[in-house]
Amino acid sequence: MKIINIKIIATVAAALIFGSCSQQKARRPISQSSGSFLRESAERNKKLISGEERKIDSIIKSDPNVSYLASKKGYWYRYDKKNLLDTLRPKKGDIANFNYEIKDLDGNVIYSELELRPQVYHVDKEQKIIMGLRDGIKLMRKDETITFLFPSHMGYGYHGDDRRIGHNQPLMCTVTLTDFNPESKIKTE
């Protein structure tokens, strides 16, 4: 009887061991991606940016008396009021005070300077303003006014601002840097 129990246990154990080691086919994923979605998305973005850049280029060419500069970050700007006396520009950690107005590329006001109120911005330490302005503020000197032409990816991007700025909307922002100070100077006062 003992031998029969041992044989039964051995047979069951062998069946379990050999049964679990058998070759099983891997399950196929429920959905497969061929990469076409990413390629199509990249193509859509290239077309979108190209169209926005053509519109910006037409604005630049429409007034040959105004000189626009191209930034390294992919936006364009012109000086409306230039400060030739000062050499300092805001840098990381400085606290910049500025006023600005946002328009669409046709010149229609989206947000007036009055609506946006004077802004206080800790340079490169906060994300409360659009990417283009975060970079553009660092190009300015005190009391300068610059008009920036931002493609949508430098503005509010695909999402917009959920109010007046639509998705993928390029913007024209006129900014006046009224003052800036090092953060350390503000803390000691």
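Scroll up for the structure.
Note that the structure is predicted; figures quoted are calculated from it, not measured.

*Asks:* So what exactly am I meant to see when it comes to the packing of aromatic side chains here?
*Replies:* All chains considered together, the criterion is met by seven aromatic pairs. Measuring from centroid to centroid gives 5.4 Å for Phe-98 and Tyr-100, while their planes differ by 50°, and the two rings are tilted. Residue classification places Tyr-100 among the buried positions, given a relative accessible area of 7%. Plain terms: the ring middles of Phe-148 and Phe-150 are 5.3 Å apart, the flat faces sit at 10° to each other, and that makes the pair stacked. Phe-148 gets classed as buried once you look at its relative accessible area, which sits at 0%.

*Asks:* Please explain the side chain of Glu-144 as it appears in this structure.
*Replies:* In this structure, Glu-144 sits in the loop between helix H4 (131-136) and strand E6 (145-150). Looking at Glu-144, its side chain comes within polar contact range of the main-chain nitrogen of Asn-83, at 3.0 Å. Within polar-contact distance, the side chain of Glu-144 engages the backbone nitrogen of Arg-141 at 2.8 Å. Not counting the four nearest positions on each side in its chain, Glu-144 is found in contact with Tyr-79, Lys-81, Lys-82, Asn-83, Leu-139, Val-175, Thr-176 and Leu-177.

*Asks:* Could you clarify how one ought to interpret unusual backbone geometry in this entry?
*Replies:* Phi is mostly negative for residues that are not glycine, and the peptide bonds are mostly trans. Phi is positive for Arg-117, which is not a glycine, with a value near 55°. Tracing the backbone shows Arg-117 in the loop between helix H3 (113-116) and strand E5 (119-122).

*Asks:* Sorry, what's going on with the nonpolar core here?
*Replies:* Note that soluble globular proteins tend to have their nonpolar side chains buried in a common cluster. Counting residues in hydrophobic clusters, the biggest one holds 26 residues, and the most contacted among them are Phe-98, Ile-102, Leu-133, Phe-148, Phe-150, Cys-173 and Val-175. Those elements that provide at least two residues to this core are strand E3 (95-103), strand E4 (109-111), E6 and strand E7 (171-181). In this structure, Phe-98 is in contact with Pro-118, Gln-119, Tyr-121, Ile-129, Ile-137, Val-175, Thr-176, Leu-177 and Thr-178, ignoring residues within four places of it in sequence.

*Asks:* When you look at the environment of Val-123 in this model, what are you seeing that I'm missing?
*Replies:* Summarising the element assignment, Val-123 is placed in the loop between E5 and H4. Taking the C-alpha atoms as reference points, Val-123 and Ala-96, 27 residues apart in sequence, are found 6.8 Å from one another.

*Asks:* Looking at this model, I keep getting lost on the pattern of salt bridges. Mind explaining?
*Replies:* Side-chain pairing between opposite charges can occur once the charged atoms of the two side chains come close. Applying the stated rule across the entire model yields 11 salt bridges. Linking Asp-80 and Arg-78 is a salt bridge whose minimum nitrogen-to-oxygen distance equals 2.6 Å. A salt bridge links Lys-91 to Asp-94; the shortest N-O distance between them is 3.8 Å.

*Asks:* Is there a simple way to think about the environment of Ile-130 in this case?
*Replies:* Tracing the chain through its elements places Ile-130 in the loop between E5 and H4. The spacing of Ile-130 and Tyr-156 is 26 residues in sequence and 6.6 Å in space, taken between C-alpha atoms.

*Asks:* Whenever I open this one, helix H2 (residues 36-62) confuses me. Can you help?
*Replies:* An α-helical turn contains 3.6 residues, so a residue and the one three or four places further along point in the same direction. Its 27 residues give H2 an end-to-end C-alpha distance of 39 Å, which sits within 8% of 39 Å, the value for a rise of 1.5 Å per residue. Buried within H2 are the following residues: Glu-52, Ile-56, Ile-59 and Ile-60. Against strand E2 (76-81) and E6 lie the buried residues of H2.

Basis of the calculations
Residues numbered from 1 in each chain as written. Predicted model: local features only at pLDDT ≥ 70, side-chain atom pairs only at ≥ 80, totals over all residues. Heavy atoms only, no water. Phe/Tyr/Trp six-rings, centres within 6.5 Å; stacked < 30°, edge-to-face > 60°. Buried < 20%, exposed > 50% of the residue type's maximum accessible area, 1.4 Å probe, protein only. Helix = DSSP H or I, 4+ residues; strand = E, 2+ residues; numbered from the N terminus. Polar contact = N/O pair within 3.5 Å; in protein donor to acceptor, adjacent residues only side chain to side chain. Contact = heavy atoms within 4.5 Å. Core = buried A, V, L, I, M, F, W, Y, C linked by side-chain atoms within 4.5 Å. Salt bridge = Lys/Arg side-chain N within 4 Å of Asp/Glu carboxyl O. Expected span 1.5 Å × (residues − 1).

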